[in-house]
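# Breakdown of the fold
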Amino acid sequence: MSNQDYNSKSKDNAVEYALNKMESSPAQYKSTSKEKKYSTNKGIKSGGSVMTKVAHTVIPMRGDSRGEIVRKLFMIIAVIVFIGTLSYLFWELSDINKSNIRDQEIADAAGARFDFEADPGYSAPPHVENPILSEVTGPGTEEPEYIDLTPVVNTPLNINWENLWKINPDIKAWIKLTGTLINYPVVQASDNDYYLTHDVDHKESVSGAVFSSYRNTWDDNDDNKILFGHNMVQGTYFSYLVHYVPNDYSREPLAFYKKHPTIQMATPDGKNETFKVFAGMYVNTQEDCGEIFDYITKTKFADADDFNNYMLEIMDRSWFFTDVDLTYGDDILTLSTCSWPLGRTVCDTRWVVFARRVREGESTDVDTTVAKRNYNPRLFEYWYKVIGGKWRGRTWDTSKLLSY
């Protein structure tokens, strides 16, 4: 038998053997379109490049089931959101860093350097983030706690206004809280929105600027100057205001106030004034959370009764009482920043600090030893719903209101 005949016979035997096997178990050899698709996809998965594998996993393809298409679309959306969020955070951190550098440059130009550099590890006091008081530690079980209550010493502000006005003619004043990062020019626009998102150089910024209410006239007609600033996570702008919130985790809840009882403000007319802090309160800004205390429009007082009533409303809500007295004719300074003790998603709240100007001939010293925590501040409905309790009436010593 020739090789050609042998090969032909072998081929015929092989074909006959295959046909017999298919007849005995046809399902093993009959391939459906679904199996072909699986075989093709499997080939892509096993033999394709990494990019091909990723594309097959994420991108909807012909033949995918409806559930598979939905899954892939959700995955695409999630990836886009992740990349967008990451890009925004990177931009925000970069913008904050640039703002910090620029703030140092402006302070240098003004001749009002910061007392110290920004602390990269800064975080808000824990009692500010969680207003629910912990159980008081029993006597003899406390860990040693050293608290320095020596008040900081203010040094006069000698501001170079000409340099500042070259940067921005909107600058109205300079404010400083000695020993903190609050050391900024105060600007003013025609509304209370612009400087929320723009810095002193008029550039868009997440940090914004410290700015005055547009209602302030910055003359002798102003009875109450109202300033706003962001509560930045790295401790800049008005972040340090929230340290005035009493720290009930400490044996000295008013330690920050006792070290920082005064605020400085200089103006272009040559005034270099000291203001004594006398109150601090949480304010609700949403009607669905309860009462809204209007502190952002009160720049003037019609008469003594108007002044007295406003001061009583403030002191009812203050989280601490001081030795600072008040009388009609006092110049008031109001400082406002964002703070979310109930969470950022509910009740857009503000922490507001109030101070009054040191009168002519009055000492700038404050007897901080008599300051005390008010455990009964007047709050709003949603606070009581979440935290509990209720307002039990006025507890402030109204004799401190001399014109009352």
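Attention in this report is confined to the structure presented alongside it. (Residues numbered from 1 in each chain as written. Predicted model: local features only at pLDDT ≥ 70, side-chain atom pairs only at ≥ 80, totals over all residues. Heavy atoms only, no water.)

The next thing to look at is the overall build of the protein chain. Within the protein chain one finds 9 helices and 10 strands. In the protein chain, which comprises 404 residues, the share counted as buried stands at 42%. Sequence separation of 24 or more characterises 68% of the internal contacts of the protein chain that already satisfy a separation of 6 or more. Carbon and sulfur atoms make up 55% of the accessible area of the protein chain, which amounts to about 22,400 Å² in all. (Helix = DSSP H or I, 4+ residues; strand = E, 2+ residues; numbered from the N terminus. Buried < 20%, exposed > 50% of the residue type's maximum accessible area, 1.4 Å probe, protein only. Contact = heavy atoms within 4.5 Å. Areas by Shrake-Rupley, 256 points an atom, 1.4 Å probe, with all protein chains shown as cover.)

Along any regular strand, the residues point their side chains to alternate faces of the sheet. Counting buried positions along strand β5 (residues 262-266) yields 5 of 5 residues, so the element is predominantly enclosed. Both faces of β5 are covered, namely the face carrying Thr262, Gln264 and Ala266 and the face carrying Ile263 and Met265. With 3 bridges joining them, strand β1 (residues 171-176) and β5 adopt antiparallel strand pairing. By the bridge assignment, Ile175 is partnered in β5 with Met265. Taken together, β5 and the strand that follows it, strand β6 (residues 272-284), pair antiparallel across an intervening segment of 5 residues, in which Gly270 is found at a positive phi of about 95 degrees. (Pairing = 2+ DSSP bridges.)

Next up on the list: the state of the cysteines. What we call a disulfide is simply a covalent bond connecting the sulfur atoms of a pair of cysteines. Applying the stated rule across the entire model yields 1 disulfide. Residue Cys289 pairs covalently with Cys347 via a disulfide, S to S 1.9 Å. Across the S-S bond of Cys289 and Cys347 the torsion is about -100 degrees, and the bridge reads as left-handed. A residue pair is termed long-range when its members are at least 10 positions apart, and Cys289 in the loop between β6 and α8 (304-317) and Cys347 in the loop between β8 (332-338) and β9 (349-357) qualify at 58 residues. Owing to a relative accessible area of 6%, Cys289 belongs among the buried residues under this scheme. (Disulfide = S-S within 2.5 Å.)

To continue, consider the pattern of salt bridges. Under the counting rule described, the total for this entry stands at 21 salt bridges. The partner of Arg378 in a salt bridge is Glu313, with the nearest N and O atoms 3.7 Å apart. Pair noted here: Arg378 is in the loop between β10 (372-373) and α9 (381-387) and Glu313 is in helix α8, with a separation of 65 residues, a long-range link. Taking relative accessible area as the criterion, Arg378 reaches 25% and is therefore assigned partly exposed. Exposure remark for Glu313: the relative accessible area of 28% places this residue in the partly exposed category. Here Arg356 ties to Asp325 by a salt bridge, and the two come within 3.0 Å at their closest N and O atoms. Linking Arg356 in strand β9 with Asp325 in the loop between β7 (320-321) and β8, this pair joins segments that are 31 residues apart in sequence. (Salt bridge = Lys/Arg side-chain N within 4 Å of Asp/Glu carboxyl O.)

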